[in-house]
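What follows is each chain in one-letter form.
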Amino acid sequence: MIKKSMFAVLAATGLALTACGGGGASAGAANGSGGDKITMGFAQVGAESGWRTANTKSVQESAKEAGVDLKFSDAQQKQENQIKAIRSFVQQKVDVIAFSPVVESGWDTVLKEAKDAKIPVILTDRAVDSKDTSLYKTFLGSDFVAEGKKAGEWLVEQSKSSEPVNIVEIQGTTGSAPANDRKQGFEDAIKDDPDLKIVASQSGDFTRSGGKQVMEAFLKNNPDIDVVFAHNDDEGLGAIEAIEAAGKVPGKDIKIITIDAVKDGMTALSNGKINFIVECNPLLGDQLMDLAKKVVAGQDVPQRVVTEETTFTMEQAKQVLSSRQY
Ligand code: GYE
C-alpha cells in the first residue's frame, strides 16, 4: 500500500489573530522586566505520555531560566483535581495561572473565579470550549485539527489502489481538545476516499497501556485491520505490543500512523514498526514564560499562538532521531 512518501507539510506559524488587552496585573505584581519574581501556578494534565513528560520538563526548565517562581500541580488526568489546583492558585494570589485543560468543557465557573480575583489565565497546549473568551488571555499550543488532517492526508496519498482499507482509530482522552480535533481533522481528510473506512474507534486515554488494551479488543473483533490511527505515539506503541502478541507484524501487516514524534515513537518509526508520525511539539516552556511576563505586565498578547510542526516518514525519522530533544 505504501507507495510514495509525502513530504513535510505546512509549518503553522505563530499567528496573531486579535490582540487582546492584558490588564490583569494583580496589585503589586512584578512585571518581569526586573523587579520581583513572577509567581506562576501551573496545572498540568498528568504524566500520561512521553509528550507530557517532555512538556513538564520544558515548563519547569524555562521557568527556572526566566526567573519565574513555578507552583506546579499534577492533576493525574482528572478535571476535578485541576479545578482544585486552580482554586488554590487563586487563594495563594499567584500572579498568573497557566494550565493545560484535561477536557474542553466545564471551566467557566473556576475561570470566572480567577478573573474576579484579577489573576490572568493562559491556556497551554489544550483549549477550552468556553464561549466567554475574556476568561483567558491567550492560548498557546498546536493546531490539533491540522495534525489529524496531516495524518489522514498521508493515508489518502498512500492508498491509491482502490482496495478497501479498514482503519481502526485509538482516540486520546475522551472530551479532550486533541482527541476531538484530531478525530475531526482525520475524518475530514479521508472523507472523499470511499475505500477508506474507520471500522472501530475507541479511547486509549493517551497511554501506552490504554492503546494496548484497545488494540487487543480491536484485533479480537476485526479480523481484517489494515491501518491503525492512534492519537498519540504512546497509544501506537501499546498497539504495536498487541499486534505482535497476535502474531502480526506492525508496520507491514498493519500500518500505523501516530501523532507526537517523541523519542520512542521516532525509534519505532525508524525501525519500520510505525509508518508515519505527525509532530506535536511539547517544548512550550520558553514561549509560555514570555507570554506570562507580558500578561502580568499588562501588555497585549496575541489571542492565539500556534506551535510550529512538521511530519516524519521512516527515512526522515532516521535522519533526525539522534538530534531529537525529547
Ligand atoms: O499529543 C499526548 C498527550 O495535549 C498535545 O496530550 C497533548 C497531547 C499529546 O498526552 O501525547
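Up top is the structure.
Values in this document were obtained by computation on a predicted structure and should not be read as measured data. Counting starts from 1 at the beginning of each chain's written sequence and moves along it residue by residue. At least 70 in pLDDT is required for a residue's local features to be given in this predicted model, at least 80 for side-chain atom pairs to be given and counted, and no such filter applies to totals for whole chains, interfaces and linings, which use all residues. The side-chain numbers reported here are obtained from all heavy atoms of the structure, hydrogens and water having been left aside.

Trainee: Outline the overall build of the chain, listing residues and values.
Mentor: Under the scheme used here, helices are H or I runs from DSSP no shorter than 4 residues and strands are E runs no shorter than 2 residues, and both carry numbers assigned from the N terminus. Scanning the chain from terminus to terminus reveals ten helices and 14 strands. We call two residues in contact when some of their heavy atoms are within 4.5 Å. For the chain, contacts bridging at least 24 residues in sequence account for 77% of all contacts bridging at least 6. Accessible surface, the chain: about 13700 Å² in total, of which carbon and sulfur atoms supply 48%. To measure how exposed things are, a 1.4 Å probe is used in the Shrake-Rupley method; for residues, cover is taken only from the protein chains shown.

Trainee: Break down the site of the ligand for me, citing the residues and quoting the values.
Mentor: We call a residue near a molecule or strand as soon as one heavy atom of that residue lies within 4 Å of the molecule or strand. Within the structure, the ligand sits among 13 residues, and Glu48, Asp125, Arg126, Asn232 and Asp260 are positioned closest to it. Counted as a polar contact is a pair of N or O atoms within 3.5 Å, where, for protein atoms, one must be capable of donating a hydrogen and the other of accepting one, and residues adjacent in sequence contribute only when both atoms are in side chains. Between Arg52 and the ligand, the recorded distance is 3.0 Å, taken from a side-chain N or O atom to an oxygen atom. Here an oxygen atom of the ligand sits 2.8 Å away from a polar atom, N or O, in the side chain of Asn232. Among the secondary structure elements, those contributing two or more residues to the shell around the ligand are α1 (50-66) and α5 (177-190). Residues were grouped as follows: Ala, Val, Leu, Ile, Met, Phe, Trp, Tyr, Cys and Pro as nonpolar; Asp, Glu, Lys and Arg as charged; and all remaining residues, including Gly, as polar. In terms of residue class, the shell around the ligand is made up of five nonpolar, two polar and six charged. Annotation comment: domain bounds sourced from an automatic or database domain assignment. Taken domain by domain, the shell around the ligand gets at least three of its residues from each of domain 1 (18-142 + 282-302) and domain 2 (144-279).

Trainee: Account for the sheet that holds strand β2 (residues 38-44), naming residues and giving values.
Mentor: Pairs of strands are assigned from DSSP output, requiring at least two bridges between the strands. Spatially, the six strands line up as an open sheet ordered β3-β2-β4-β5-β6-β13, and their pairing is parallel. Each having just a single partner strand, β3 (68-74) and β13 (304-306) make up the two edges of the open sheet. Going across the sheet, the axis of each strand differs from the next one's by a mean of 20°, ignoring polarity. With three bridges joining them, strand β5 (residues 121-124) and strand β6 (residues 138-141) adopt parallel strand pairing. Along β6, the bridge assignment pairs Leu123 with Phe139. To obtain an axis, a line is fitted to C-alpha atoms, over the contacting stretch when the element is a helix, and the angle between two such axes runs from 0 to 180 degrees between their N-to-C directions. Where α1 meets the sheet, it contacts β2 and β3, and its direction lies at approximately 160° from that of β3.

Trainee: Give me the lowdown on the packing of helix α2 (residues 79-91) against helix α3 (residues 108-116), citing residues and values where you can.
Mentor: Viewed as axis vectors pointing N to C, α2 and α3 meet at an angle of 10°, and their least axial separation amounts to 10 Å. Between α2 and α3, the interaxial angle falls into the category roughly parallel. Between α2 and α3, the residues in contact are Ile83, Ile86, Arg87 and Val90 and Thr109, Val110, Glu113 and Ala114, respectively. For the contact of α2 with α3, the residue count by class is five nonpolar, one polar and two charged. Roughly parallel refers to an angle under 35 degrees, roughly antiparallel to one over 145, roughly perpendicular to one between 65 and 115, and oblique to any angle outside these ranges.

Trainee: Can you break down the nonpolar core residue by residue, with the values?
Mentor: Ranked by internal contacts, the top residues of the largest apolar core, which has 42 residues, are Ile97, Phe99, Trp107, Ile167 and Ile257. Both domain 1 (18-142 + 282-302) and domain 2 (144-279) contribute no fewer than three residues apiece to this core. Sequence-distant contacts of Trp107, that is, excluding residues within four places in its chain, are made with Gln79, Gln82, Ile83, Ile86, Phe99, Pro101, Val102, Val128 and Ser130. Nine residue types can take part in a nonpolar core, namely buried Ala, Val, Leu, Ile, Met, Phe, Trp, Tyr and Cys, and a core is a set of them joined through side-chain atoms within 4.5 Å. Partly exposed residues are those whose accessible area sits between 20% and 50% of the maximum for their type, while under 20% is buried and over 50% is exposed, using a 1.4 Å probe and protein chains only.

Trainee: Run through the packing of aromatic side chains, naming residues and quoting values.
Mentor: Stacked, edge-to-face and tilted labels apply to pairs of Phe, Tyr and Trp rings (six-membered ring for Trp) whose centres lie within 6.5 Å, assigned for plane angles under 30 degrees, over 60, and everything in between, in that order. Under the counting rule described, the total for this entry stands at four aromatic pairs. Between Phe186 and Phe229, the ring centres sit 4.1 Å apart and the planes meet at 15°, which makes this aromatic pair stacked. In this pair, Phe186 sits in helix α5 while Phe229 sits in strand β9 (residues 227-230), placing the two residues 43 residues apart along the sequence. There is no split in this pair, since Phe186 and Phe229 are both buried.

Trainee: Account for α1, naming residues and giving values.
Mentor: The terminal C-alpha atoms of α1 lie 24 Å apart, and with 17 residues this matches the ideal 24 Å at 1.5 Å per residue to within 8%. Among the residues of α1, Trp51, Arg52, Ala54, Asn55, Thr56, Ser58, Val59, Ser62 and Ala63 are the ones counted as buried. Turning to α1, the residues buried within the fold contact β2, β3, β10 (255-260) and α9 (285-296). Count one or two residues on from α1 and you reach Gly67, which has phi positive near 70°. Multiply 1.5 Å by the residue count of a helix minus one, and that product is the helix's expected span.

Trainee: Now, about the environment of Val121: what can you tell me, with residues and values included?
Mentor: Looking at the secondary structure, you find Val121 in strand β5. Looking at Val121, the relative accessible area reads 2%, which means it is buried. Placed 14 residues apart in sequence, Val121 and Leu135 show a C-alpha to C-alpha distance of 7.3 Å. Residue contacts for Val121: discarding those within four places in its chain leaves Ile97, Phe99, Leu111, Ala114, Leu135, Tyr136, Lys137 and Thr138.

Trainee: Would you mind going over the packing of helix α6 (residues 208-221) against helix α7 (residues 233-245) in detail, with residue names and values included?
Mentor: Between α6 and α7, the least distance of the axes is 7 Å, while the angle of their chain directions is 45°. With respect to each other, α6 and α7 are oriented oblique. Pair α6 / α7 crosses with right-handed handedness. Taken together, the residues of α7 that come into contact with α6 (itself represented by Arg208, Gly211, Lys212, Met215, Glu216 and Leu219) are Asp234, Glu235, Leu237, Gly238, Ala239, Glu241, Ala242 and Ile243. Left-handed describes a crossing in which the near helix is turned anticlockwise from the far one by less than a right angle; the clockwise case is right-handed.

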